[in-house]
Amino acid sequence: SQKIEQNSEALNIQEGKTATLTCNYTNYSPAYLQWYRQDPGRGPVFLLLIRENEKEKRKERLKVTFDTTLKQSLFHITASQPADSATYLCALSRDSSYKLIFGSGTRLLVRP
Amino acid sequence: GAVVSQHPSWVICKSGTSVKIECRSLDFQATTMFWYRQFPKQSLMLMATSNEGSKATYEQGVEKDKFLINHASLTLSTLTVTSAHPEDSSFYICSPRGLAGNEQFFGPGTRLTVL
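**Let's talk about the layout of surface pockets**
Empty space among the atoms becomes visible once a probe the size of a water molecule is rolled across them. The space that makes up the largest pocket amounts to roughly 600 Å³. Surrounding the largest pocket, 22 residues form its lining, Gln38, Thr87 and Arg107 of chain A together with Gln38 and Lys41 of chain B being those nearest its centre. Secondary-structure elements contributing two or more residues to the lining of the largest pocket are strand E9 (86-93) and strand E11 (106-111) of chain A. When residues in the lining of the largest pocket are grouped by element, the largest group, four residues, is from E11 of chain A.

Below, the structure written as structure tokens:
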């Protein structure tokens, strides 16, 4: 069955450092992958989308890579700030219907 | 990004009662609505998909008679949890679709607690 894995352990880093989060998937060939931010008690907020034919995408301090051979996406936040503390979810398109399959998310804590 | 609202943001009800959750897309027309739920410390799971003016399709394991979805207009969809039980306590999130592109936007969520 299709499976998406994100590191369930919280990532704890010092302000100013680069945070790197991992998303791995199996039994799957998605057309694109998305990253979301979710704060406690809130719905997901869209951050970035990367297509299968794109290796890297950037938006301000955010960078996403997509390796379809390794079946892995990396999400980077450079010059991290305490305000970046949240749970980050990766999601894959299940098919052409725009239905999404989500990972369980990785919690990021940025210490001042 | 798209503006999506949900009402109520949280609700507490007694077991056996029904609860209606509204989802509105405020700045675009949602031809399709996805409803997800999220249990604590778990990922979002798709419950059902509805297209405006037609019946919803439900994911495996989701009871269509328990979770009634109405998508009568392009800006409003409702999810009614009928005869709610404590195991239905969860975070319900809508995701309307109608914009071009593949980005998907979500509502702020509704926290349901069934006593």
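After that view of the structure, there is still more to cover.
**Description of the state of the cysteines**
Applying the stated criterion to the full structure yields two disulfides over all chains. With a sulfur-sulfur separation of 2.0 Å, Cys23 of chain A is cross-linked through a disulfide to Cys90 of chain A. On the sign convention where negative means left-handed, the S-S torsion of about 65° between Cys23 of chain A and Cys90 of chain A marks this disulfide as right-handed. Highlighted residues: Cys23 of chain A in strand E3 (residues 19-26) and Cys90 of chain A in strand E9, separated in sequence by 67 residues. We note that Cys23 of chain A, like Cys90 of chain A, is buried. The disulfide partner of Cys23 of chain B is Cys94 of chain B, and the S-S distance across this bridge is 1.9 Å. When the S-S torsion is 75°, as for the bridge of Cys23 of chain B with Cys94 of chain B, the disulfide is right-handed. Of the two residues, Cys23 of chain B is situated in strand E3 (residues 19-25) and Cys94 of chain B in strand E9 (residues 90-97); the sequence distance between them amounts to 71 residues. Of the two residues examined, Cys23 of chain B and Cys94 of chain B, each falls in the buried class. The thiol of Cys13 of chain B is unpaired, and the distance to the nearest cysteine sulfur, on Cys94 of chain B, comes to 19 Å.

**Describing the side chain of Gln34 of chain A**
Mapped onto the elements, Gln34 of chain A comes out in strand E4 (residues 32-38). Once you skip the residues sitting within four places of it in the chain, Gln34 of chain A turns out to touch Phe46, Leu48, Leu49, Leu89, Cys90, Ala91 and Leu100 of chain A together with Asn102, Glu103 and Gln104 of chain B.

**Comments concerning the sheet that holds strand E8 (residues 76-81) of chain B**
Residues and elements named next belong to chain B. What the four strands build is an open sheet, ordered E1-E3-E8-E7; its pairing is antiparallel. Here the strands that pair on one side only, and so sit at the sheet edges, are strand E1 (4-7) and strand E7 (67-70). Looking at each pair of strands side by side, their axes are set apart by 15° on average, direction ignored. Examined bridge by bridge, E1 and E3 share four bridges and lie antiparallel to one another. Bridge pairing in E3 links Ser5 to Arg24.

Cut-offs used in this document
- Residues numbered from 1 in each chain as written.
- Chains lettered and ligands numbered in written order.
- Predicted model: local features only at pLDDT ≥ 70, side-chain atom pairs only at ≥ 80, totals over all residues.
- Heavy atoms only, no water.
- 1 Å grid on protein atoms, 1.4 Å probe; cavity = no way out; pocket = protein on both sides within 12 Å on 5 of 7 lines; lining within 4 Å.
- Points joined across faces, edges and corners; volume = space filled by probe spheres on them.
- Helix = DSSP H or I, 4+ residues; strand = E, 2+ residues; numbered from the N terminus.
- Disulfide = S-S within 2.5 Å.
- Buried < 20%, exposed > 50% of the residue type's maximum accessible area, 1.4 Å probe, protein only.
- Contact = heavy atoms within 4.5 Å.
- Pairing = 2+ DSSP bridges.
- Axes fitted to C-alpha atoms, helices over the stretch in contact; angles between N-to-C directions.

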